[in-house]
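# Observations on the three-dimensional arrangement
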Amino acid sequence: RTGKRRSWQRLTVADRDGIPALRHTAGALLAGQTVVDEFAAYRLADGTVAVFRPDSHIKRLNNGARRLALPQVDFDRVWSSVRAMIELDEGWLPQRAGASLRLRAVLAADGTELTPGPADHCLFYVLGSVPAAAAKKPLKAMTLDGYVRAWPGGTGDLRTGGGLAVGVVPAEIARNYGNDHVLWLDGEGRHVQQIGELNAFFVIDGVLTTPALDRTVLPGITRDSVVKLARDAGTAVAERPVELAEVLKGIADGSVTECFATGTADGVAPVVSLGHQGEEYRFASAEAGPVTARFRELLDGIHRGESVDRFGWMRRITEV
Ligand code: PMP
């Protein structure tokens, strides 16, 4: 009764009952072959709307598709759908410069086979939403024994549906302990990978330092933007393995002065404490430190359309 055939028939029954999409997404439902990328659109100071680095997001979507054996989507297809969704939702977007709208592009393996395999087709969705006013409160993160988000050769460096699922229970546990995120470590508990679904930055001996892209860290587009902005401003940036012990010792002795986390939805978010094995390690400032504040402002200025967009990151949905 519980054999494969039986489950398949149940799926077909669901289809007849009015969930036709189920019949065509066996790869997504049964093998988790889905890739998701998030886009942010901003109201610029001149009243127009622009998407931040859509080319990078679409490239990452296709990298994920390749790894999960889904077909590639072409840039124009994604861009025109994202644009159409923004045009539909634009009425929700306040006139205030920097107000933002978040969208998700989803690729889900098509097919009716029960055995996972490469997908010849995929469903492509763009989901739109207006974010709640971004909470700019400083973040707290803690390590968690017994959970690993990513390992070399896995899919933790891609935005897959399953990759996000892995973090749901740990994030709940961290929240129950009064934290916002898990401070993700490698399997040996030695190196810092990420802060929840955000990339981690530290100021260590005055150097802006972020864990290297070692195939366990998601190549965040905000992370890349901060690194580029820093290099452009002549600020030293180190992308290298970052040991947890070095960070915790540095917070205590004052050599690690700041921490922040980056992501499309959060921008540059200050992190004010890190928890490990029952101890809380607090940074000197309970607000954004000077380096964090500087990069937050540099990026926000571009998102508001108030700073010069030297890298051509903001792509308007209609040309002015
Ligand atoms: N890590 C993970 C696991 C993510 O899903 C994301 C995207 N929310 C990030 C980091 C940040 O990447 P980005 O700056 O491209 O949003």
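Residues numbered from 1 in each chain as written. Predicted model: local features only at pLDDT ≥ 70, side-chain atom pairs only at ≥ 80, totals over all residues.

## Quick look at the overall build of the protein
Summing up its helical and strand segments, the protein has 10 helices and 14 strands in all. Taking 320 residues into account, the globule formula puts the C-alpha radius of gyration at 20 Å, and the protein, at 21 Å, falls close to it. Projected onto its principal axes, the C-alpha positions of the protein cover 65 × 50 × 30 Å. Residues counted as buried form 40% of the 320 residues belonging to the protein. Relative to all contacts within the protein whose residues are 6 or more apart in sequence, the contacts with residues 24 or more apart total 71%. (Helix = DSSP H or I, 4+ residues; strand = E, 2+ residues; numbered from the N terminus. Rg over C-alpha atoms; globule rule 2.2 N^0.38 Å. Buried ≥ 20, exposed ≤ 12 C-beta atoms within 10 Å, placed from the backbone. Contact = placed C-beta atoms within 7 Å.)

## A short note on the site of the ligand
The environment of the ligand is made up of 14 residues, and the closest members are Leu218, Gly220, Ile221, Thr222 and Thr264. Put simply, the parts of the chain that give the shell around the ligand at least two residues each are helix 8 (221-232) and strand 11 (256-263). The element that contributes the greatest number of residues to the shell around the ligand is helix 8, accounting for 3 residues. (Near = placed C-beta within 6 Å.)

## With respect to helix 8
In this model helix 8 runs 16 Å from its N-terminal to its C-terminal C-alpha over 12 residues, within 8% of the 16 Å that 1.5 Å per residue would give. Taken as a whole, helix 8 has its buried residues at Ile221, Thr222, Arg223, Ser225, Val226, Val227 and Leu229. Immediately beyond the C-terminal end of helix 8, within one or two residues, lies Gly234, with a positive phi of roughly 75°. (Expected span 1.5 Å × (residues − 1).)

## Quick word on the confidence of the model for the protein
On average, the protein scores 90 in pLDDT, and the residues at 70 or more come to 90%. Under a pLDDT of 50 for its full length, residues 1-18 has, in the predicted model, 11 contacts with residues more than four places off or in other chains. ipTM for the predicted complex: 0.99, alongside a pTM of 0.92. (pLDDT = per-residue confidence, 0-100.)

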